[in-house]
Amino acid sequence: MSGPMSLEPGGPEQDTLAIRLATPRPRRPFGTGGTGGTGGAGNTSDSPTLAIRIPRKGPDEEAVSELAAELADRIGPAVHPYEVAALLEADGLSASLIKEKYGHPTLFSLAAALYERVPRTFPEPPQAPDPWRPDTLRCLLRGALFALPALAYLLTSPLWDVTRHAPVLIVAGTVSWAWGQALGHRAHVRLVTGRREAGRTLAGGSALGATVATALAAIPAGGGPVTAVAAAQSLYLAAAGVLLVLGRERLLLLTLTPLTAGAAVLFWWEPGALIRLTLPLLAVLATLAAAARVLGGCLAEPAAPGPDPRPPLRSSLPYGLFGLAAAILTTLEGRHAPYAVIALTLSMGPAEWLLYRYRGWSVTALRATSSPTGFLLRSGGVLGLCLTVYLLLLLPPALLIGHGSGTAAAAVLGLAAVLWTALLLQAFGVAWPPALVCLTTAAVAAAVAWTTGPPGPAALLPAICAPAALSLVALTLALLGRPSPHA
């Protein structure tokens, strides 16, 4: 059989009621054949049947048309009359109503009539909500939180010698940055298991990271009092990392209130050495207290049921190496233009927003294309758009920082392109390739700067970051220009 059997009872032979009465055969006319005189009987082609035909009432076309108009939006997508029959049955259309109101003998007969009356329409499915829609306010707040701690250096600048003490704080900051990147990745992985497990990872890892950063900073400090400043900086970065990973940005902003208030009054009032030292210390203590409270809440939650899978430490290693490379490159740029570091730090908010936008627009491109080549072209367009928007946002401050110098602006933009594309690859779980590219770039830049004398030539970073950015863009197109990472 090539198709479904008809479920309608009867057929065209039941359109009439036929009563057939048997009658004697008519006699042949005399002399038309046969033997034996006058009364021979023979066959004739005339039918002797008496048929009584009772017409049946046909369908009520007007009522059927009204029903078709009423159900047009639900009948149009049907691909077979049986779907219409199921729809009518689900609506509670009884057999007696079908016969009396619409004049059809069966449900299937009415369904077939409706199917023929309504043209086929196949509407697109409703647009799914964007799972990667960014929280704009949260992204901007995170960018500000990355930059606000610099107010502590503004407040305490008269109390310390930049030439002597800056290397100590740079060492502590570089180690804390690298450690925080690795710990942040591990904590986010542990959050999949549960907040208690993530809290345990953050509690132990933050304390250990602050200790390591302080110990390494004590080497250039020679055990001097600046070691205490490096310890305070390391403790703050560890506590702030805890709050950022656990999504407590507003609480972190509240703990930085002493810094913002102290920096605001500097424009018209000299607070004195004691207040300049007290306000940053209050901010550090408030951040530590907030982090301890949040971690206490995490540790108080019940443990996740089942086994506790712990990711291997080596899985977080490339994230730490990327953090180390980013800290070295940013430090080298800061030696040429200190305000460039502030601009890059503030831009991390828009950078995070564009990372979300890339993922959302890539999903849209995936739905709009039907071939791998088409998606590659659209994906390349999305990547180019996001990277261009990010660099255009940085262009005005880069030109302002470099006093119109193209070399200074190129250094800021090149470093920003490297950091953003590396973060994009990490967001998709591609960790080792961007870490190796950034680490190689940082090693070459540091070696050249060491050879020529810190901070190195002004054209060093543009010359090194440009090929690194191009390599990361090509790597992004090769790895993320396929549909599978976005499915």
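Up top is the structure these notes are about.
Residues numbered from 1 in each chain as written. Predicted model: local features only at pLDDT ≥ 70, side-chain atom pairs only at ≥ 80, totals over all residues. Heavy atoms only, no water.

*Asks:* Break down the overall build of the protein chain for me, with residues and values.
*Replies:* Helices and strands together make up the secondary structure of the protein chain, namely 20 helices and zero strands. In the protein chain, which comprises 487 residues, the share counted as buried stands at 39%. Across the protein chain, contacts joining residues at least 24 apart in sequence account for 79% of those joining residues at least 6 apart. Here the protein chain displays about 26700 Å² of accessible surface, and carbon together with sulfur accounts for 66% of that area. (Helix = DSSP H or I, 4+ residues; strand = E, 2+ residues; numbered from the N terminus. Buried < 20%, exposed > 50% of the residue type's maximum accessible area, 1.4 Å probe, protein only. Contact = heavy atoms within 4.5 Å. Areas by Shrake-Rupley, 256 points an atom, 1.4 Å probe, with all protein chains shown as cover.)

*Asks:* Give me the lowdown on the packing of helix α9 (residues 195-221) against helix α13 (residues 273-300), citing residues and values where you can.
*Replies:* Between α9 and α13, whose axes approach to 7 Å, the crossing angle comes to 135 degrees. As the angle between them shows, α9 and α13 are arranged oblique. For the crossing formed where α9 meets α13, the hand is left-handed. Taking contact as the criterion, the partners of Arg195, Arg196, Gly199, Arg200, Leu202 and Ala203 in α9 are, on α13, Leu295, Cys298 and Leu299. Partitioning the contact of α9 with α13 into residue classes produces five nonpolar, one polar and three charged. (Axes fitted to C-alpha atoms, helices over the stretch in contact; angles between N-to-C directions. Parallel < 35°, antiparallel > 145°, perpendicular 65-115°, else oblique. Left-handed = near helix turned anticlockwise from the far one by under 90°. Nonpolar A, V, L, I, M, F, W, Y, C, P; charged D, E, K, R; others polar.)

*Asks:* Could you give an account of the environment of Val294, naming the residues involved and the relevant values?
*Replies:* Along the polypeptide, Val294 turns up in helix α13. Taking the C-alpha atoms as reference points, Val294 and Arg248, separated by 46 residues in sequence, lie 8.5 Å from one another. Other than its neighbours up to four places away in sequence, Val294 contacts Leu243, Leu246, Arg248 and Leu251.

*Asks:* I'd like to hear about the side chain of His486, residue by residue, with values.
*Replies:* Relative to the helices and strands, His486 resides in the segment after α20 (460-480). Relative accessible area serves as the criterion here: at 8%, His486 is assigned to the buried category.

*Asks:* Before we move on, can you summarise helix α12 (residues 257-265) with the specific residues and values?
*Replies:* Every buried residue of α12 is listed here: Leu259, Gly262 and Ala263. On an axial view of α12, the arc spanned by its buried residues comes to 95 degrees, and they lie on one face. Next to the buried residues of α12 lie α7 (150-156) and α13. (Arc of directions from axis to C-beta.)

*Asks:* Let's hear about the packing of aromatic side chains: which residues, and what values?
*Replies:* Centre-to-centre distance and the angle between the planes together describe a pair of aromatic rings. With the rule as written, the count across this model stands at three aromatic pairs. Relative to Phe108, the ring of Tyr82 has its centre 5.8 Å away and its plane inclined at 75 degrees; by these criteria the two rings are edge-to-face. One end of the pair, Tyr82, is in helix α3 (residues 81-90); the other, Phe108, is in helix α5 (residues 107-117), with 26 residues separating them in the sequence. Judged by relative accessible area, which is 27%, Phe108 ranks as partly exposed. A cation over a ring is seen here: Arg357 above Trp353, with NZ or CZ 6.0 Å from the ring centre. One Lys or Arg, Arg359, reaches over the ring of Phe428 and ends 4.0 Å from the middle of that ring. (Phe/Tyr/Trp six-rings, centres within 6.5 Å; stacked < 30°, edge-to-face > 60°. Lys NZ or Arg CZ within 6 Å of the ring centre and 35° of its normal.)

*Asks:* Summarise the nonpolar core; cite the residues concerned and give the values.
*Replies:* Ranked by size, the top nonpolar core spans 49 residues in total, and within it Tyr358, Tyr390, Trp420 and Leu424 carry the most contacts. Of all the elements in the fold, those that place two or more residues in this core are α14 (317-336), α15 (338-346), α16 (348-368), α17 (372-401), α18 (406-427), α19 (432-452) and α20. In this structure, Trp420 is in contact with Ala351, Leu354, Leu355, Leu383, Cys386, Leu387 and Tyr390, ignoring residues within four places of it in sequence. Grouped together as the second largest cluster of nonpolar side chains are 27 residues, Leu141, Leu148, Tyr236 and Ala290 included. (Core = buried A, V, L, I, M, F, W, Y, C linked by side-chain atoms within 4.5 Å.)

*Asks:* Any chance you could break down the pattern of salt bridges for me, citing the residues and the numbers?
*Replies:* Inspection of every chain in the model, using the stated rule, returns seven salt bridges. Between Glu249 and Arg138 there is a salt bridge, with its nearest N and O atoms 3.0 Å apart. With Glu249 in helix α11 (residues 249-255) and Arg138 in helix α6 (residues 136-147), the pair connects residues that are 111 residues apart, well separated along the chain. Across the pair Arg142 and Glu352 runs a salt bridge, and its minimum N-O distance is 3.0 Å. Taken together, the residues span a long stretch of sequence, with Arg142 in helix α6 and Glu352 in helix α16 at a distance of 210 residues. Each member of the pair Arg142 and Glu352 is classed as buried. Within the structure, one salt-bridge network assembled from shared partners comprises Arg138, Arg142, Glu249 and Glu352. (Salt bridge = Lys/Arg side-chain N within 4 Å of Asp/Glu carboxyl O.)

*Asks:* Can you break down a nonpolar patch on the surface residue by residue, with the values?
*Replies:* A cluster of nonpolar side chains, namely Phe267, Trp268, Trp269, Leu274 and Ile275, defines an oily patch on the protein surface of about 680 Å² accessible area. Along the polypeptide, Phe267 turns up in the loop between α12 and α13. The exposed category is assigned to Phe267, whose relative accessible area is 74%. (Patch = residues over 30% accessible without salt bridge, like charges linked within 9 Å, V, L, I, M, F, W, Y side chains within 5 Å.)

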